[in-house]
Amino acid sequence: DQQVKQNSPSLSVQEGRISILNCDYTNSMFDYFLWYKKYPAEGPTFLISISSIKDKNEDGRFTVFLNKSAKHLSLHIVPSQPGDSAVYFCAARRASGGTSYGKLTFGQGTILTVHP
Amino acid sequence: DAGVTQSPTHLIKTRGQQVTLRCSPKSGHDTVSWYQQALGQGPQFIFQYYEEEERQRGNFPDRFSGHQFPNYSSELNVNALLLGDSALYLCASSLRGGSGGYTFGSGTRLTVV
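A brief structural summary.

1. A look at the overall build of chain B
- On a plain count of helices and strands, chain B comes out with zero helices and eleven strands.
- Its C-alpha radius of gyration of 13 Å places chain B within 12% of the 13 Å reference for a compact globule of 113 residues.
- Its C-alpha atoms give chain B principal-axis dimensions of roughly 40 × 25 × 25 Å.
- Burial statistics for chain B: of 113 residues in total, 50% are counted as buried.
- Looking at chain B alone, contacts between residues at least 24 apart form 53% of all its contacts between residues at least 6 apart.
- When the accessible surface of chain B is summed, it comes to about 5,200 Å², and 47% of that surface belongs to carbon and sulfur atoms.
- For chain B, the separation between the mean place of its 9 positive charges and that of its 9 negative charges on side chains is 9 Å.

2. A look at the overall build of chain A
- Counting its secondary structure elements, chain A contains zero helices and eleven strands.
- Walking chain A from its N terminus toward its C terminus, one meets helices and strands in the order β-β-β-β-β-β-β-β-β-β-β.
- For 116 residues, the compact-globule estimate of 2.2 N^0.38 gives 13 Å, and chain A sits close to it at 14 Å.
- Each principal axis of the C-alpha distribution contributes one length, and for chain A these read about 45 × 30 × 20 Å.
- Within the span of chain A, comprising 116 residues, buried residues form 43% of the whole.
- For chain A, contacts bridging at least 24 residues in sequence account for 56% of all contacts bridging at least 6.
- Looking at chain A as shown, the accessible area adds up to about 5,600 Å², and 49% of this sits on carbon and sulfur atoms.

3. Points about the nonpolar core
Residue and element names in this part refer to chain A.
- Core analysis: the largest hydrophobic core is formed by 23 residues, its most contacted members being Phe-33, Trp-35, Leu-73, Leu-75 and Tyr-88.
- Of all elements in the fold, only β3 (19-25), β4 (30-38), β5 (45-51), β7 (62-67), β8 (72-77), β9 (86-94) and β11 (110-115) reach the threshold of two or more residues within this core.
- Of the residues forming this core, the biggest block, four residues, is contributed by β9.
- Setting aside chain neighbours within four positions, we find Phe-33 in contact with Tyr-25, Ile-48, Ser-49, Ile-50, Leu-66, Leu-73, Ala-91 and Ala-92.

4. Looking at the state of the cysteines
Residues and elements named next belong to chain A.
- Under the defined criterion, the tally for this structure stands at two disulfides over all chains.
- Across the disulfide from Cys-23 sits Cys-90; the S-S distance is 2.1 Å. Classification of the bridge connecting Cys-23 and Cys-90 rests on its S-S torsion, roughly -70°, and on that basis the disulfide is left-handed. One end of the pair, Cys-23, is in strand β3; the other, Cys-90, is in strand β9, with 67 residues separating them in the sequence. Note on accessibility: Cys-23 and Cys-90 belong to one class, buried.

5. Digging into the interface of chain A and chain B
- The interface is formed by 18 residues belonging to chain A together with 17 residues belonging to chain B.
- Regarding the contact of chain A and chain B, the summed buried area is about 1,400 Å², with carbon and sulfur atoms giving 54% of it.
- Summed over the shared surface of chain A and chain B, the result is zero salt bridges.
- The interface formed by chain A and chain B contains three residue pairs in polar contact (both at pLDDT 80 or more).
- Elements with a contribution of two residues or more to the side of chain A that touches chain B: β4, β9 and β10 (104-106) of chain A.
- Broken down by element, the side of chain A that touches chain B gets its largest block of residues, three residues, from β4 of chain A.

6. So, the pairing of strand β5 (residues 44-50) of chain B
Residues and elements named next belong to chain B.
- β5 sits mainly inside the fold: six of its seven residues count as buried.
- The pairing of strand β4 (residues 31-37) with β5 spans six bridges and is classified as antiparallel. Paired with Val-32 across the two strands is Tyr-49, which belongs to β5.
- What sits between the antiparallel neighbours β4 and β5 is a turn of six residues, in which Gly-40 has the positive phi angle 80°.
- Judged from the four bridges that link them, β5 and strand β6 (residues 53-57) form a sheet pairing that is antiparallel. Each bridged residue has a counterpart across the sheet, and for Tyr-50 the counterpart in β6 is Glu-53.

Calculation rules
- Residues numbered from 1 in each chain as written.
- Chains lettered and ligands numbered in written order.
- Predicted model: local features only at pLDDT ≥ 70, side-chain atom pairs only at ≥ 80, totals over all residues.
- Heavy atoms only, no water.
- Helix = DSSP H or I, 4+ residues; strand = E, 2+ residues; numbered from the N terminus.
- Rg over C-alpha atoms; globule rule 2.2 N^0.38 Å.
- Buried < 20%, exposed > 50% of the residue type's maximum accessible area, 1.4 Å probe, protein only.
- Contact = heavy atoms within 4.5 Å.
- Areas by Shrake-Rupley, 256 points an atom, 1.4 Å probe, with all protein chains shown as cover.
- Lys, Arg positive; Asp, Glu negative; His and termini not counted.
- Charge placed at Lys NZ, Arg CZ, Asp CG, Glu CD.
- Core = buried A, V, L, I, M, F, W, Y, C linked by side-chain atoms within 4.5 Å.
- Disulfide = S-S within 2.5 Å.
- Buried area = accessible area lost by both parts, 1.4 Å probe.
- Salt bridge = Lys/Arg side-chain N within 4 Å of Asp/Glu carboxyl O.
- Polar contact = N/O pair within 3.5 Å; in protein donor to acceptor, adjacent residues only side chain to side chain.
- Pairing = 2+ DSSP bridges.

Structural measurements only, silent on function.
Put into structure tokens, the structure is as follows:
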């Protein structure tokens, strides 16, 4: 039961252009969403997050959009840089007070390659 | 300020053996979670420890067990290893409930032969 899905295994973008990574979820109890970046031989590094009470959160070149009705979120990177090349994971967490609070459910990841 | 430290970085074990992986959380964090990341997949939640007790558990068999010590460090034990246990094992630390975010270690690469 894959509750968080990233349907694009890979994405290739030219330097300076926009990268859009997508994520879908099925569990309506999720109320907090995170994006992580992972380089080989390193652990996931937190990138940006969004609460379900918002539909957009921005941090520098990174913007996350949340569409609750569609159970869909996306990460926009503008402009893309070669150093952004990594695996990007979408993760979700349930609302506080539930037995799953604190547990992160991850998608399968999307490999982003930014070409110079 | 040290982040999350995991040891060892790599490990090769034989089927049927037992393994212990170790994790030291980020300074100030009191909660440790363990994840298994198979090749080409996202991390899968194994369990979470807080106040030296297992608080949540994912869909993993009882062969997977853990411990948290008074200094908040943690161990993951896997008994009767199977080939399918080969994966990257990630430790994440946080404050109780995940407020302030989750910090991941670089992981332990376990290979079962």
